[in-house]
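For reference, the chains in residue letters:
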Amino acid sequence: MDRVKEIPFNVSARMAVLIGRENIPNLYSAITELIKNSYDADADACVIYYDDVNDKVCLFDNGSGMTEQDIIDYWMNLGISMKLTKPNSKKGRIRTGSKGVGRFALDKIAENCTMITKTESDNLLKWDVEWEKLNTIEKISDVYAKLSYNNHSYIEGIQNIVHNKNVLKIIEKHNFEIGTMLEMRVLREKWTQRKISKIRKQLTQLIPSGLCKNFKLYFFTSSEMNIEEALISVVEENTYDYKVIFDYNDSILTTKVFRNEFDFRGEFEYVMKEGNFSQEDRNYFNGEPKIEKLNISEEVVKHLVEASKKIGDFSGELYFRKLSQQSKEREKLYYKYNTSIRKSNIFGGIKLYRDNFRVRPFGEVDTKSYDWLNLNSRKNASPSSITHTGSWKVRAEQMQGTIHISKKNKGINDTLSRDGIVDTHEFSVFEKIIIKAIVKLEEDRQDVMRKLNLLYQKKHPVEVFEKEIKEMAKNERNNEKRQDNNQNFNDSSTIQKTIKLIEHKNEVIDNLEDENRILRTLATSGIITNSYSHEISSFNSLLSRKLNVLKIKISKDDKNYRRINEVLNSMEDVLSNYSSWFDVTIQTLESNKRIIKELNVNNIIRNVVESWKTLLEVRNISINYNESESPIYLECFEYDLVVILNNLISNSMDAFRIHKTPKNKKKISLSCILVDDGRVSIEYSDLGPGLIGEFKENPQKVLEPLISSKDNGTGLGLWIIKKIATEYNGEVILNSKYEGFYIKILLKQKDDNNE
Amino acid sequence: MSNYVIGIIDDDVDGTKDYKDIYEDKGFETHIFDIDEDSIYHDVGNWIIENKIELIMVDYLLSNASAKFNGDKILNYVKQNFYQLPVIILTSRVKEAEKSNYIEHWFIQSKDELDKKENNYMVSEIKHAIDVFRFKKEKWMEEYKKLFEKKEKNNPDETERLKELYRYLRTYGEVDDISTEYLNSDLSQKISEFNDIMKKLLK
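Here's a quick rundown of the structure. (Residues numbered from 1 in each chain as written. Chains lettered and ligands numbered in written order. Predicted model: local features only at pLDDT ≥ 70, side-chain atom pairs only at ≥ 80, totals over all residues. Heavy atoms only, no water.)

### Thoughts on the overall build of chain A
Which entries qualify depends on this criterion: Counting from the N terminus, the helices are DSSP H or I runs at least four residues long and the strands are E runs at least two residues long. Contacts are assigned to residue pairs with any non-hydrogen atoms lying within 4.5 Å of each other. Each accessible area is a Shrake-Rupley estimate made with a 1.4 Å probe; only the visible protein chains count as cover when residues are assessed.
Scanning chain A from terminus to terminus reveals 25 helices and 21 strands. Sequence separation of 24 or more characterises 71% of the internal contacts of chain A that already satisfy a separation of 6 or more. Surface exposure of chain A reaches about 39,300 Å², of which carbon and sulfur atoms provide 49%.

Put into structure tokens, the structure is as follows:
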């Protein structure tokens, strides 16, 4: 028999890096991965220190630390998560975290990384690796990290690396006997002020306010920053739609429901009156909580009454947030425009804290116990939509919060078995009480939504008719099928005929909308030409005059070449103005601009500004485009963006001319950024007269069609912009208090998620 | 026949250079008035007299970048202080000029139209207008000389007319500066002396 060779598989080091980089898309993700690791390790403090002087970042916590075996078995084993092989640590804590990608966050941030870590049982351990080796060395198994012990305490280890006195004050505030510290040197990206502010802002939304008591995050971004400034505090207002705070005391459950979901956009009085809302409702919409009390002993079945008295007092905060919203729903039900939540967020779920210690695995992402209250099965049993009959229920992914219990709650047995079921009476009551609090939230929200829905139907009866007709047609078809008729198919009922008519009308409307889009672009070309009509008509006569002079000079053989040159130059200017006007009007209609595709918005804006520069210079108007650092992409029609800008610039030009704006105020500013909720925000302003007269009081009016403040204005410019924004699920925001004209246009991808 | 002298008042420096070339080529002595924010009507008057300008073309929109007044007001000033001197508005903003209450529409010429047609027909109009102006001045001079010779015997109306003609001709430097007393007739002289005596007596 032939000898059998055994050849091992190889993984190139580079592959590991690529996989890692794919899993961590940007700097913010890298940072949050590391923060999650700290939280996972039961830290109550996590400090990120950006050392701008030495260009390095330190991240340290006071979690449980890692032993040498942990490092060898898990930290150095790419792709393995502790959770898969060892769900319970020695102390019974259950680790979470998936795919073991946390350490790739380090690669994203810097070229070199040193880790020091201290557990309760072992000495301080130091771990060093040069990530660059992963680029040069072939096999990943040939890449080594250095591991060494020393006798220092963890605090001494920290003090060796961090010298900033402000940062070190953390050690006085929290217990740093054990923990893990990462020192990342030679940063891969420049940590600009802008980037830092953005990250900081995103971090304020990472940790739910309920958890802030138990997990403090500090972000030092300069050598002068002190602890108070570094502490990331949550801006609660933007992070929930509904909140219920409850207290269980002596068998009485007190709930406070806060409505934070609605923005009536100037129609508050109308909605309150026509929507049949009470005086109390007005207060609730203005931030007052709806307070109710419930005697639990009277609510539960007999055999649980005793348990309800035994479980002791406890409290909690629960937050509800929609995962996404459609613009139509938003208009109908007056939703605020909020940023959407990230799914599978380690800080999500309903967590349980006993005496400020997290009790796992309640609310842990990617575990059976994430939905320990069984909210999803509850939802499946009653899946009604909120505006229909039948009670609406929340889904687990929409909820997050914290429940606080203490040692006094002896009756609550909080360790879950493998299957996550607890079968004591006390735990049953405990769950029921929390569900009751959630029910208060659900009932209030449904009540409000139903009223808003009725109001909408009152305002838009036609839509309701259309829906009804479609329903009737569907039922009729179903009935026919059931009766198994061999009726003549051409013999349609009135309902069927109506449906066909509606479908035909819809098709006609779609075609009109397409036409409309093209006409809009043509209209803008016309609008600009209208503003420029005087200049454009003069191009012709200017050139004629110049030619006349040239003829005279040349025919006389007048050796005044300087003068001839002068005339030729001024002719060139005329021609260049002419071609600028051409660029700004006719070029907009080029066919490749009429197809929808993903485009770099920065480039488009820059091109538009360039094409206007000559025309604006002639009138001494300056335009400043503040471009964002990173590119912004939007799936759109190029001409829609061009039309928006052309209308705005044309308006500014007219305003400057009509109101004889002095030269130092003939300035236009333009910027474009990507906001947190994924929308593209274009801000445009000028220092001209701004909105005047009635439009100053009521800016929205100027967005209506055929409204103009100019003598020969068309009244279409701003209306066109509003129509475009609406098509892109966006909005137009004016600010009449600005010293000049200010407009912000928000645009989103044309597709929208369904809830 | 001496050279026709025309004047142009316009704040478009580039344009005035072009027009100077064009009209000089046609044989006109062309003067450009340097208008700026400090200019006053009196400056225009001095410029007309110094250069012996016989026809003026004024742009309408001057207050845009420079002067305190627009071309229509200048036209008005010239008409009041320079009797019969031909003056027109030459502008590219005809519609706006027509809104002015200071000038009738037939004084407004479109620059754009003229530029396109190489200003040719304008040339003959200008020449004719200046011819008319010169003819009028000749007629005044004839009448003035006649009345001046018999000034002692002029009736009051004729004395008035003599003084009037004197003023016109004086504006254009056609006659020397003399005291208007000198133009009075004996009869009117005697009447004024009588008036003086009566005034003294009544006091």
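So that's the structure; there's more coming.
### Observations regarding the interface of chain B and chain A
As a reminder, the rule being used: The term buried area means the drop in 1.4 Å probe accessible area that two parts suffer when joined, counted for both and summed. Here, a salt bridge means any side-chain nitrogen of Lys or Arg that lies within 4 Å of a carboxyl oxygen of Asp or Glu. Residues were grouped as follows: Ala, Val, Leu, Ile, Met, Phe, Trp, Tyr, Cys and Pro as nonpolar; Asp, Glu, Lys and Arg as charged; and all remaining residues, including Gly, as polar.
Taken together, the contact between chain B and chain A spans 16 residues of the former and 19 residues of the latter. Approximately 1,700 Å² of surface area, both sides summed, lies buried where chain B meets chain A, with 43% of it carried by carbon and sulfur atoms. On the chain B side of the contact with chain A, B:Asp18, B:Asp21 and B:Asp115 bury the most area, a combined 29% of that side's loss. At the junction of chain B and chain A, the tally comes to eight salt bridges. Note that B:Asp21 and A:Arg563 form a salt bridge whose closest N and O atoms lie 2.6 Å from each other. Contributing elements (two or more residues each) for the side of chain B that touches chain A: helix H1 (13-25) and helix H5 (111-116) of chain B. Of all the elements, H1(B) adds the most residues to the side of chain B that touches chain A, at eight residues. Classifying every residue of the side of chain B that touches chain A by side-chain character gives two nonpolar, three polar and eleven charged.

### Quick word on a positive patch on the surface
Residues and elements named next belong to chain A. To be explicit about the condition: A patch consists of residues exposed above 30% relative accessible area that lack any salt bridge, with like charges linked at up to 9 Å and nonpolar side chains (Val, Leu, Ile, Met, Phe, Trp, Tyr) linked at up to 5 Å. The positive count covers Lys and Arg only, the negative count covers Asp and Glu only, and His and the chain ends enter neither. Lys charges are placed at NZ, Arg charges at CZ, Asp charges at CG and Glu charges at CD.
A grouping of Lys474, Arg477, Lys481 and Lys500 is seen on the molecular surface, where their side chains present a positively charged patch. With three residues, helix H19 (residues 461-483) is the single largest residue contributor to the positive patch. If you trace the backbone, Lys500 turns up in helix H20 (residues 494-555).

### So, the packing of helix H6 (residues 120-149) of chain B against helix H7 (residues 156-171) of chain B
All names here are of chain B. As a reminder, the rule being used: Axes here mean lines fitted to C-alpha atoms, for a helix over just the part in contact, with angles spanning 0 to 180 degrees between N-to-C directions. Geometric relationships in this document are graded by angle, where less than 35 degrees denotes roughly parallel, more than 145 denotes roughly antiparallel, 65 to 115 denotes roughly perpendicular, and other angles denote oblique. Crossings are assigned a handedness: left-handed for a near helix turned anticlockwise from the far helix by less than a right angle, right-handed for a clockwise turn.
Across the interface, H6 lies against H7 with an axial gap of 9 Å and an inter-helix angle of 135 degrees. Put simply, H6 runs oblique to H7. Where H6 crosses over H7, the handedness of that crossing is left-handed. Residues Lys137, Trp140, Met141, Glu143, Tyr144, Leu147 and Phe148 of H6 pack against Glu158, Arg161, Leu162, Leu165, Tyr166, Tyr168 and Leu169 of H7.

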